[in-house]
Amino acid sequence: MAGSLHVELVSAERVVWSGEAVRVIARTVAGDVGILPGHAPLLSALSHGVVDIQSTEGETWVAAVSDGFLSVADDRVSVLSEYAELSHEIDVEKARADVERAKAAGEDDTEALDVLRTAEARIRAVEVAS
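Residues numbered from 1 in each chain as written. Predicted model: local features only at pLDDT ≥ 70, side-chain atom pairs only at ≥ 80, totals over all residues. Heavy atoms only, no water.

Caption draft 1: Representation of the overall build of the protein chain within the structure. Each helix and strand in the protein chain was counted, giving two helices and nine strands. When the helices and strands of the protein chain are listed from N to C terminus, the series reads β-β-β-β-β-β-β-β-β-α-α. Here the C-alpha atoms of the protein chain give a radius of gyration of 15 Å, agreeing with the 14 Å that 2.2 N^0.38 yields for 130 residues. Overall, the protein chain is about 50 × 25 × 25 Å in size when its C-alpha atoms are taken along their principal axes. In the protein chain, which comprises 130 residues, the share counted as buried stands at 44%. (Helix = DSSP H or I, 4+ residues; strand = E, 2+ residues; numbered from the N terminus. Rg over C-alpha atoms; globule rule 2.2 N^0.38 Å. Buried < 20%, exposed > 50% of the residue type's maximum accessible area, 1.4 Å probe, protein only.)

Structure, rendered in structure tokens:
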């Protein structure tokens, strides 16, 4: 395995992280996928979850993401999500409060379910980064 990946993690509002990496792990609707340089082309739907990026400098960047898409081609990885936030930007207490509010709203409320899944992903991102 030689080389690196050019990675862009993009939310609807901004470029969350962009740079060179040696590894990316993301949760897709088919399960977790690990991407290394030379990975075969891939297009998959993302699930609410965590994206874990190891940069070429040895830093690990962890982000919470909502539904979106993951694209891999020619050592370029694009993670496109409606919502994405790096673990060090996350307010864990707010995420926990969001979980409690969403659970209180009930399972029949689709908006509350989306808030719940995003808040749980935010908490997991902080736990993975710790």
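Caption draft 2: Local environment of the pairing of strand 8 (residues 76-81). Judged by which residues are buried, strand 8 turns out to be one-sided: Val77, Val79 and Ser81 face inward and are buried, whereas Arg76, Ser78 and Leu80, on the alternate face, are not. Where strand 1 (residues 5-10) lies against strand 8, five bridges are found, and the strand directions are parallel. Bridging from a neighbouring strand, leucine 9 pairs with valine 79 of strand 8. Hairpin connection between strand 7 (residues 68-73) and strand 8: a loop of two residues separates the two successive antiparallel strands, and aspartate 74 in this loop has a positive phi of roughly 50 degrees. (Pairing = 2+ DSSP bridges.)

Caption draft 3: Region of the structure containing helix 2 (residues 110-129). For helix 2, built from 20 residues, the straight-helix expectation of 28 Å at 1.5 Å per residue is met to within 8% by its first-to-last C-alpha distance of 29 Å. Every buried residue belonging to helix 2 is among Ala112, Leu116, Thr118, Ala119, Ala121, Arg122, Ile123, Ala125 and Val126, and all of these are buried. Tucked into the core, helix 2 has its buried residues touching strand 5 (49-55), strand 6 (60-65), strand 9 (84-86) and helix 1 (92-105). (Expected span 1.5 Å × (residues − 1). Contact = heavy atoms within 4.5 Å.)

Caption draft 4: Representation of the nonpolar core. Ranked by internal contacts, the top residues of the largest apolar core, which has 21 residues, are Val7, Leu9, Val24, Ile35, Leu70 and Val77. Elements represented by at least two residues in this core include exactly strand 1, strand 2 (15-28), strand 3 (31-35), strand 5, strand 6, strand 7, strand 8 and strand 9. Residues in contact with isoleucine 35, not counting those within four places in the same chain, are Leu5, Val22, Arg23, Val24, Leu70, Val72 and Val77. Within the second largest apolar cluster, eight residues are counted, among which are Val62, Ala64, Ile90 and Val126. (Core = buried A, V, L, I, M, F, W, Y, C linked by side-chain atoms within 4.5 Å.)

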